[in-house]
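Results of the structural survey
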Amino acid sequence: MDIYGILGHPTGHSLSPILHNAAFRALGIHARFEIFDVAPSRLPAFFKRMRRAPIHGLAVSLPYKERVLEYLDSFDSSTQKIGAVNTVYNENGVLRGFNTDFSGAISALTKACSATALHELRGKTVVVIGAGGAARAIVYGLQQEGAEVIILNRTQSKADTLARDFGCQSGELSTLFQWQPNILINATSVGMEPNIESISCDPHYFRVAPRHLLVFDIVYRPRITQFLRLAQEAGLSILTGDSMLLHQGAVQFKIWTGKSAPISVMKKTLDEALCGLGAK
Ligand code: ATR
């Protein structure tokens, strides 16, 4: 049996096990996806063991997305530019790092765009709120797709640094009202359970936002965050964070197994899990 798993600390919130175990079952792959909750001091020993023991692949969660880089043998170019890994493939003892967060976000956004008047990401103006690791991956993906990106962050200096790295614009969060984006993304963890009333931008923005704005939140618990609820109430289109989780998981699955992920099975499993958790 092939072993895969999620590496993090803590890992209690992860939906990756149910997502990937459902995919393995659907394709009749003799594999199991486990949880590896590893304290920082145990990381070196964990990776030593991983090279020898048959752990075929890892999904890497917080707080290790940057720290695992030092234990890997190679990365693809996007991982290098983003500076964070969320997927490891053990190819006969050689540990290869990938980042599927950005491709997951882009797949979800591309699908959402094609279902609206936006049609595609190319040439669209996108405001990204946040300047942490998740924002970095999303900004990279958007730039690759030819979108025009503006990064706004509570601490402007961090937005400026990120914007410099990727050659886009940046500003203070309060300047949100100045821009006329096609898409607005919350790329922070603000609004995640249990702080479900929190929101990363001025809640009044949605009332004056462009009429055809698509609003995306990377937070998926709750599924409809306060950020998305206010957008919805203002009549704007929304995209929920579980879509990014689903698509990044599908890319991970392909890297590990070489097979196309059974995405409809994974989506159904995720829907059921989120409904069971009350994240409707
Ligand atoms: P990750 O790597 O998961 O993206 P992170 O690096 O801790 O997480 O980044 C968190 C992001 O959320 C940052 O952009 C942070 O803003 P600061 O750079 O000013 O800290 C943003 N953030 C956190 N709490 C926030 C809040 N209450 N309002 C607005 N932004 C917030």
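Residues numbered from 1 in each chain as written. Predicted model: local features only at pLDDT ≥ 70, side-chain atom pairs only at ≥ 80, totals over all residues. Heavy atoms only, no water.

**Some thoughts on the side chain of Thr11**
Defined as follows: Under the DSSP-based scheme used, a helix requires at least four consecutive residues in state H or I and a strand at least two consecutive residues in state E, with every element numbered from the N terminus. Note on exposure labels: buried denotes an accessible area under 20% of the residue type's maximum, exposed denotes more than 50%, and partly exposed covers the range between, all computed with a 1.4 Å probe on protein chains only. Any two residues having at least one pair of non-hydrogen atoms within 4.5 Å are treated as being in contact.
Within the secondary structure, Thr11 is located in the loop between β1 (2–8) and α1 (16–27). Residue Thr11 is classed as buried on the basis of its relative accessible area, which comes to 3%. Discounting residues that sit within four places of it in the chain, Thr11 has contacts with Ile6, Ile35, Phe36 and Asp37.

**A few points about the site of the ligand**
Cut-off, in case you're wondering: One heavy atom within 4 Å of a molecule or strand makes the whole residue count as near it. For the purposes of these results, a polar contact is taken to be a pair of N or O atoms within 3.5 Å, where, inside protein, one atom must be able to donate a hydrogen and its partner to accept one; residues adjacent in sequence count only when each atom of the pair is a side-chain atom. To measure how exposed things are, a 1.4 Å probe is used in the Shrake-Rupley method; for residues, cover is taken only from the protein chains shown. Amino acids outside the nonpolar list (Ala, Val, Leu, Ile, Met, Phe, Trp, Tyr, Cys, Pro) and the charged list (Asp, Glu, Lys, Arg) are all regarded as polar, and Gly is one of them.
In the region of the ligand, the neighbouring residues are Gly130, Ala131, Gly132, Gly133, Ala134, Asn153, Arg154, Thr155, Lys158, Thr188, Val190 and Ser200. Lys158 places a polar side-chain atom, nitrogen or oxygen, 3.0 Å from an oxygen atom of the ligand. Coverage of the ligand by the protein chains reaches 67% of its 640 Å² of free accessible surface. Here the shell around the ligand is composed, by residue class, of three nonpolar, seven polar and two charged.

**Brief notes about the packing of helix α5 (residues 133–144) against helix α6 (residues 156–166)**
The test is simple: Lines fitted to C-alpha atoms define the axes, with helix axes restricted to the stretch in contact, and inter-axis angles between N-to-C directions lie between 0 and 180 degrees. If you view the pair so one helix is near and one far, a crossing is left-handed when the near helix is turned anticlockwise from the far one by less than a right angle, and right-handed when it is turned clockwise.
The N-to-C vectors of α5 and α6 enclose an angle of 35 degrees; their axes lie 11 Å apart at closest approach. Of the two elements, α5 crosses α6, and the hand of that crossing is right-handed. Of α6, the residues touching α5 (which contributes Ala135, Arg136, Val139, Tyr140 and Gln143) are Leu162, Asp165 and Phe166. Of the residues contributing to the contact of α5 with α6, the split by class is five nonpolar, one polar and two charged.

**Some remarks on the sheet that holds strand β4 (residues 74–75)**
Two strands in a sheet stick together by hydrogen bonds in their backbones, pointing the same way (parallel) or opposite ways (antiparallel). We apply this condition: For two strands to be treated as a pair, DSSP must find no fewer than two bridges joining them.
Taken in spatial order, the six strands make up an open sheet running β2-β1-β3-β5-β6-β4, and their pairing is mixed. A strand with exactly one partner marks an edge of an open sheet, and here the two such strands are β2 (31–37) and β4. Taken together, the two bridges between β4 and strand β6 (residues 94–98) define a ladder with parallel strand orientation. Paired with Phe75 across the two strands is Gly97, which belongs to β6. Taken strand by strand, α1 contacts β1 and β2, and its axis lies near 165 degrees from that of β2. Seen against the sheet, helix α9 (residues 242–257) touches β1, β2, β3 (55–60), β5 (87–91) and β6 and runs at an angle of roughly 10 degrees to β5.

Purely geometric numbers; function is a separate question.
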